[in-house]
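So the chains spell out like this:
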Amino acid sequence: MRDESSVVAVDEALKERILSVRLVIFDVDGVLTDGGITIHDDGSESKTFDVKDGHGIKLLQRCGLQAALISGRFCASVDHRAKGLGIEHVYQGIHRKVEAYEKIKAATGLEDRHMAYVGDDLIDIPVMRRVGFAVCVQDAVDHVKPYAHYVTKRPGGKGAAREICELILQVQGLWEGVTARYFQEDLG
């Protein structure tokens with residue numbers, strides 16, 4: 001049975017933006033994580049990712065949509081997470097994210113209108129200004145919010161990515177099909 005309460009109402013202009021999305025690019029720190037960085041005694045870093053966000057990305061992929069990561073920092077755990085999720089376009093240590101964005105466009109052959117971007121800080125604004133569907137997380141810095149077509153209800157690292165994945169799948173009419181197996185009764 002479908003849970004109608006989870007379907008978000010969007011206006012026609014936003015719906016048109018979402019219907020065109022074929023690839024979602026996520027910032028990492030502050031979007032897929034809560035922005036915290038754990039620095040260990042040996043100088044290595046680690047991050048905490050929300051498993052529900054990862055499942056949302058996998059649902060996108062099952063429907064033929066792509067995901068990519070662009071991060072201003074470099075951390076080996078990001079490569080491990082991307083590999084585990086099957087994300088092929090991963091750019092780390094990028095201080096001008098538009099350059100990585102252009103590489104993703106060239107590699108995929110997609111146009112700006114087919115791309116979504118989820119960010120949280122000033123470094124994300126140049127890409128947000130280019131994509132067809134720009135998103136920021138609920139706890140993004142205030143300067144970013146005017147550039148977003150949608151602001152999540154959830155904070156970064158705490159379900160914001162999952163929220164966006166579900167929104168895109170619902171608006172594109174893919175949600176019921178990709179989640180049907182979870183709601184079907186096991187008849188033995």
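Quick caveat: nothing in here was measured; it's all calculated off a predicted structure. (Residues numbered from 1 in each chain as written. Predicted model: local features only at pLDDT ≥ 70, side-chain atom pairs only at ≥ 80, totals over all residues. Heavy atoms only, no water.)

**With respect to the pattern of salt bridges**
The test is simple: Take a side-chain nitrogen of Lys or Arg and a carboxyl oxygen of Asp or Glu: if they are within 4 Å of each other, that pair is a salt bridge. In DSSP terms, a helix is any run of H or I states spanning at least four residues, a strand is any run of E spanning at least two, and both are numbered starting from the N terminus. When accessible area is computed with a 1.4 Å probe and restricted to protein chains, residues below 20% of their type maximum are described as buried, those above 50% as exposed, and intermediate ones as partly exposed.
In this structure the tally under the stated criterion is 10 salt bridges. The salt bridge involving Lys97 is made with Asp124; its shortest N-O contact spans 2.8 Å. A residue pair is termed long-range when its members are at least 10 positions apart, and Lys97 in helix 4 (residues 97-108) and Asp124 in the loop between strand 6 (115-119) and helix 5 (125-128) qualify at 27 residues. A single burial state applies to Lys97 and to Asp124, both of which are buried. With a closest N to O distance of 2.1 Å, Glu102 and Arg130 form a salt bridge. One end of the pair, Glu102, is in helix 4; the other, Arg130, is in the loop between helix 5 and strand 7 (133-136), with 28 residues separating them in the sequence. Since its relative accessible area comes to 30%, Glu102 is described here as partly exposed.

**Considering the sheet that holds strand 7**
Inclusion rule: At least two DSSP bridges between two strands are needed for those strands to be called paired.
Pairing is parallel in the open sheet, where 6 strands are placed in the order 5-4-1-6-7-8. Taken across any chain shown, the strands that pair with only one partner, and hence form the sheet edges, are strand 5 (89-91) and strand 8 (150-151). Both strand 1 (residues 23-26) and strand 6 contribute to a ladder of 4 bridges, which runs parallel. Bridged to Ile25 within strand 6 is Tyr117.

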